[in-house]
Amino acid sequence: MIKVKIYTIMELKKVCGQREFELSIPEGSTVRDLLSLMINQWGDQLSVRLYKPGSDSVLPHIRLMVNGRSIEFLKGMETVLQDGDEFSMLPLVAGG
Amino acid sequence: MYSGGYTGKILRVNLTDQTAKKEKLSSKIAKDFIGGAGFGVKFLFDEVKAGIDPLSPENKLIFAPGPFTGTPVPCTSRLTVTAKSPLTNLVGMGLSGGFFPAELKFAGYDILIIEGRAEKPTFITIKDGEVHFRDASKIWGTQTFDCQQIIKDTLSDQNFRISCIGPAGERLSRIACIMNERRAVGRKGLGAVMGSKNLKAIAVRGSGSLNISSQEKFKTARSQMLKAMKQSPVLYPEFSMTGTPTNVDNTCALGIFPAKNWSATGLFTPADQIGIEALQTRRIGKEPCYGCPVGCSQLRLARTGPYAGILTEGPEFETLYSLGGQTGVDDMDSIIAADRLCDELGLDSISAGVTVGFAMELFEKGILTLADTGGLKLNFGNHEAMNRLIRLIAFREGIGSVLSDGVKIASEKIGKGAERFAMHIKGLELPGYDVRGAKAHGLSYATSYTGADHNRGYAFQEIFGIPVPYPVDRLSIEGKGKLTKWNQDVRTATADCPTLCVFIFDMALAGTSLKNTASLMEAVTGIAFTPEEVARVGERVNNLARAFNVREGVTRADDRFPERLMTEPLKGGAAKGQLISEEDLKVMLDEYYTVRGWDLDTGIPSREKLVELGLEYVADQLGVK
């Protein structure tokens, strides 16, 4: 097993209950695997905030990052996670 | 010729000889520059000679709302104030919302130009066609909220809308702002320009209304805009109930919330202490700008300790950075109090906070001592010292006299290596994003015509992940020159010129903004625009502003970052290890100048580019071949 640090904000933080926490996942797990595990733990409350209705496509205003880089610039949902990686789930906010 | 939106009049007020005259707004200027930032830059370049002292009577203050201001286009009671900045000696421009911008239009003016210097403290009243010069000796010295109320009482009319300065502007602090109600034209020291003119306040009351050129086209264009706003995933209800502080949570997550004078970004991440959940416990209501259905402007009340009972508008994200992360302060109520203090005394809360954080690092490094600070223990996190120091800065007392002109001038006066810790670009203190982890945002800071300014070319692609015009990797330098040009030109043309609140641009209209502006311009003003012509206005404004700065001596060498950002990688957080090296900057600047049509060695716009933009006279003035 490897450990991954999860970082959430806003409504996703409320669902998960913490801003930062660690999860243990099998070695070789991808972002898709990690999200499945998290959906198993937090159920519909999390899935409706992450996925488009009736699909496994992530909502366009949710940014998923590994070590600070958006997964679309890595290997998307198939990005393989390493021990110690930081996985961020950031819904869109506003204001600057 | 325009047939709506514009009032068609420019009001030129000369404080030296106490005259006011009305001029006609030409159709060509309306088409070429739209309004707001465009008008500000155009009149500044044409009327303010190179090399003048920004605090002399030769400088001018140009207040410019846009053609949408005062019309039923939502979220458009905005204006720019433009002058030569005493902080940067370059184009100085600040933006503000509230009610003052719309009131200026209702009084009948597209532009208000203030010239000269009054012999003694003065305030002016503008009531439709009438302009009066009034003695301000009794209100000289008042803080900004009292000043506004006294003027309303004196005029026996609570409906005047007022822009004014506080004690900081009177004392020519180069980080002084101009306040209207609780809103600030914050940056670039424009409050000092107003103070240098002995002008305490401008009170405006208007009874007019604005024509709409085509009601039918307007109905369609406005409904499309409102539909886009409703479809935004974040404007309603979230942003309308929280305002900007959610970005503390976001930037802490991205590892780019600057901390302790940019020495501890990613290590000091006070999202739990001063992020949105904590701040909402202080929220008591909101105070929307004129004609804004969103109403992001929140009122928050401090509830603990010596700060209990102090109310402020905000604090906005930028203030939570400058008076929070930057100073290492994570006591929310002390930040609310400090924000209020900046507004009352007329200080830009961004520059003030950055200056306090700068002094704190100097104190911790022993460059400033207790003897220098008058006994103030300026350690990071000392919120009592922060609040005390803000007052000293505004009144130019004690150590505040050195700090009152911002970090660049202060570091030069203090010496002893202080320059290394002065976080500014071209003299303007850095705003709230550690650009080591957001490269296009950084390139915009380096190249913006107003110095380190988040309002000139905000890279929302990097900060929020909005994939317009395309998805962007915030940590890469690739393609950032082209992106920065797009951000600067489109934001200028569709937000800062018409004038539209930038939050609506970022959150609802980014992908359709050029079309939205073109449709609304035709419907409101009757001037036909294509989306490409709108973008061209943004390019024209950015080139003309660059030309003003070139005339003042700016070259490629000025388009760079403080040394810390180029040599010290981020020590923690999601952008750990990132910096913008000398080579990174070179690559990004080369690309940026190339897409801009600027000389690679000097950063000066080419004649070809200026002629293409209808700015041949500018090329002649600059002597470029």
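Figured I'd write up the structure that's included with this text. (Residues numbered from 1 in each chain as written. Chains lettered and ligands numbered in written order. Predicted model: local features only at pLDDT ≥ 70, side-chain atom pairs only at ≥ 80, totals over all residues. Heavy atoms only, no water.)

1. Considering the overall build of chain A
For step 1, the next point in the chain: Each helix and strand in chain A was counted, giving two helices and five strands.
For step 2, the next point in the chain: The order of α-helices and β-strands along chain A, N terminus first, is β-α-β-α-β-β-β.
For step 3, the next point in the chain: For 96 residues, the compact-globule formula gives about 12 Å, and the C-alpha radius of gyration of chain A, at 13 Å, lands near that figure.
For step 4, the next point in the chain: In terms of principal-axis extent, the alpha carbons of chain A reach across some 35 × 30 × 25 Å.
For step 5, the next point in the chain: Out of the 96 residues belonging to chain A, those deemed buried represent 54%.
For step 6, the next point in the chain: Taking contacts inside chain A between residues at least 6 apart in sequence as the whole, the part at least 24 apart equals 54%.
For step 7, the next point in the chain: Carbon and sulfur atoms provide 47% of the accessible area of chain A, an area that totals close to 4,500 Å².
For step 8, the next point in the chain: Averaged over its 11 positive side-chain charges, chain A has a centre that lies 7 Å from the centre of its 12 negative ones. (Helix = DSSP H or I, 4+ residues; strand = E, 2+ residues; numbered from the N terminus. Rg over C-alpha atoms; globule rule 2.2 N^0.38 Å. Buried < 20%, exposed > 50% of the residue type's maximum accessible area, 1.4 Å probe, protein only. Contact = heavy atoms within 4.5 Å. Areas by Shrake-Rupley, 256 points an atom, 1.4 Å probe, with all protein chains shown as cover. Lys, Arg positive; Asp, Glu negative; His and termini not counted. Charge placed at Lys NZ, Arg CZ, Asp CG, Glu CD.)

2. A few points about unusual backbone geometry
All names here are of chain B.
For step 1, the next point in the chain: Going from Val 468 to Pro 469, the amide bond is cis rather than trans, its omega being 0°.
For step 2, the next point in the chain: Mapped onto the elements of the fold, Pro 469 is located in the loop between helix H20 (460-463) and helix H21 (480-496).
For step 3, the next point in the chain: The omega angle of the peptide bond from Pro 498 to Thr 499 is -10°, so this bond is cis rather than trans.
For step 4, the next point in the chain: For Thr 499, the location among the structural elements is in the loop between H21 and helix H22 (502-509).
For step 5, the next point in the chain: One non-glycine residue, Cys 75, lies in the positive phi region at around 65°.
For step 6, the next point in the chain: In this fold, Cys 75 is placed in the loop between strand E3 (61-64) and strand E4 (79-84).
For step 7, the next point in the chain: For Cys 75, a relative accessible area of 5% puts it in the buried group.
For step 8, the next point in the chain: One non-glycine residue, Asn 198, lies in positive phi territory at about 55°.
For step 9, the next point in the chain: Assignment of secondary structure puts Asn 198 in the loop between helix H6 (190-196) and strand E12 (199-205).

3. Description of the sheet that holds strand E2 (residues 19-24) of chain B
Residue and element names in this part refer to chain B.
For step 1, the next point in the chain: Read across the sheet, six strands follow the order E2-E1-E6-E3-E4-E5 without closing on themselves; strand pairing throughout is mixed. Of all strands in the sheet, those bounded by a partner on one side alone are E2 and strand E5 (91-96). Within the sheet, the average angular offset between the axes of one strand and its neighbour, ignoring direction, is 15°.
For step 2, the next point in the chain: Across three bridges, E3 lies against strand E6 (residues 111-115) in antiparallel orientation. Bridged to Phe 63 within E6 is Leu 112.
For step 3, the next point in the chain: Along the sheet, helix H2 (residues 36-47) makes contact with strand E1 (9-14), E3, E4, E5 and E6, crossing E4 at roughly 20°. (Pairing = 2+ DSSP bridges. Axes fitted to C-alpha atoms, helices over the stretch in contact; angles between N-to-C directions.)

4. Focus on the packing of aromatic side chains
For step 1, the next point in the chain: Tallying each qualifying case throughout the model produces 18 aromatic pairs over all chains.
For step 2, the next point in the chain: One Lys or Arg, B:Arg551, reaches over the ring of B:Phe45 and ends 4.1 Å from the middle of that ring. (Phe/Tyr/Trp six-rings, centres within 6.5 Å; stacked < 30°, edge-to-face > 60°. Lys NZ or Arg CZ within 6 Å of the ring centre and 35° of its normal.)

5. Digging into the interface of chain B and chain A
For step 1, the next point in the chain: With 37 residues of chain B at the contact, the number on the chain A side is 21 residues.
For step 2, the next point in the chain: Interface area, chain B with chain A, both sides summed: about 2,400 Å², of which 57% is carbon and sulfur.
For step 3, the next point in the chain: The tally of links from chain B across to chain A stands at four salt bridges.
For step 4, the next point in the chain: Measuring nitrogen to oxygen at the nearest pair gives 2.7 Å for the salt bridge that ties A:Arg69 to B:Asp473.
For step 5, the next point in the chain: Counting across the interface, chain B meets chain A through ten residue pairs in polar contact (both at pLDDT 80 or more). (Buried area = accessible area lost by both parts, 1.4 Å probe. Salt bridge = Lys/Arg side-chain N within 4 Å of Asp/Glu carboxyl O. Polar contact = N/O pair within 3.5 Å; in protein donor to acceptor, adjacent residues only side chain to side chain.)

6. A closer look at empty space enclosed by the protein
Residue and element names in this part refer to chain B.
For step 1, the next point in the chain: The final tally for this structure, using the stated rule, is four cavities of 30 Å³ or more.
For step 2, the next point in the chain: Counted as a void, the largest cavity has a volume near 640 Å³.
For step 3, the next point in the chain: Along the wall of the largest cavity there are 36 residues; nearest its centre are Leu 95, Arg 183, Ala 184, Glu 316 and His 454.
For step 4, the next point in the chain: Elements with a contribution of two residues or more to the lining of the largest cavity: E5, strand E11 (183-185), helix H12 (317-325), helix H13 (332-345), helix H14 (349-364) and H22.
For step 5, the next point in the chain: A total of four residues in the lining of the largest cavity trace back to one element, the largest contributor, which is E5. (1 Å grid on protein atoms, 1.4 Å probe; cavity = no way out; pocket = protein on both sides within 12 Å on 5 of 7 lines; lining within 4 Å. Points joined across faces, edges and corners; volume = space filled by probe spheres on them.)

7. Digging into the side chain of B:Thr525
Residue and element names in this part refer to chain B.
For step 1, the next point in the chain: Summarising the element assignment, Thr 525 is placed in helix H23 (residues 513-525).
For step 2, the next point in the chain: Judged by relative accessible area, which is 0%, Thr 525 ranks as buried.
For step 3, the next point in the chain: Among the polar contacts made by the side chain of Thr 525, one reaches the main-chain carbonyl oxygen of Met 521 at a distance of 2.5 Å.
For step 4, the next point in the chain: Contact partners of Thr 525, with chain neighbours within four places excluded, come to Tyr 2, Ser 3, Gly 4, Tyr 6, Pro 67, Ser 213 and Leu 520.

8. Side note on the side chain of B:Gln148
For step 1, the next point in the chain: Mapped onto the elements, B:Gln148 comes out in helix H4 (residues 144-154).
For step 2, the next point in the chain: Each residue touching B:Gln148, except ones within four places of it in the same chain, is listed here: B:Ile162, B:Cys164, B:Met179, B:Asn180 and B:Glu181.

Everything listed here is a matter of coordinates, which is why it stays silent on function.
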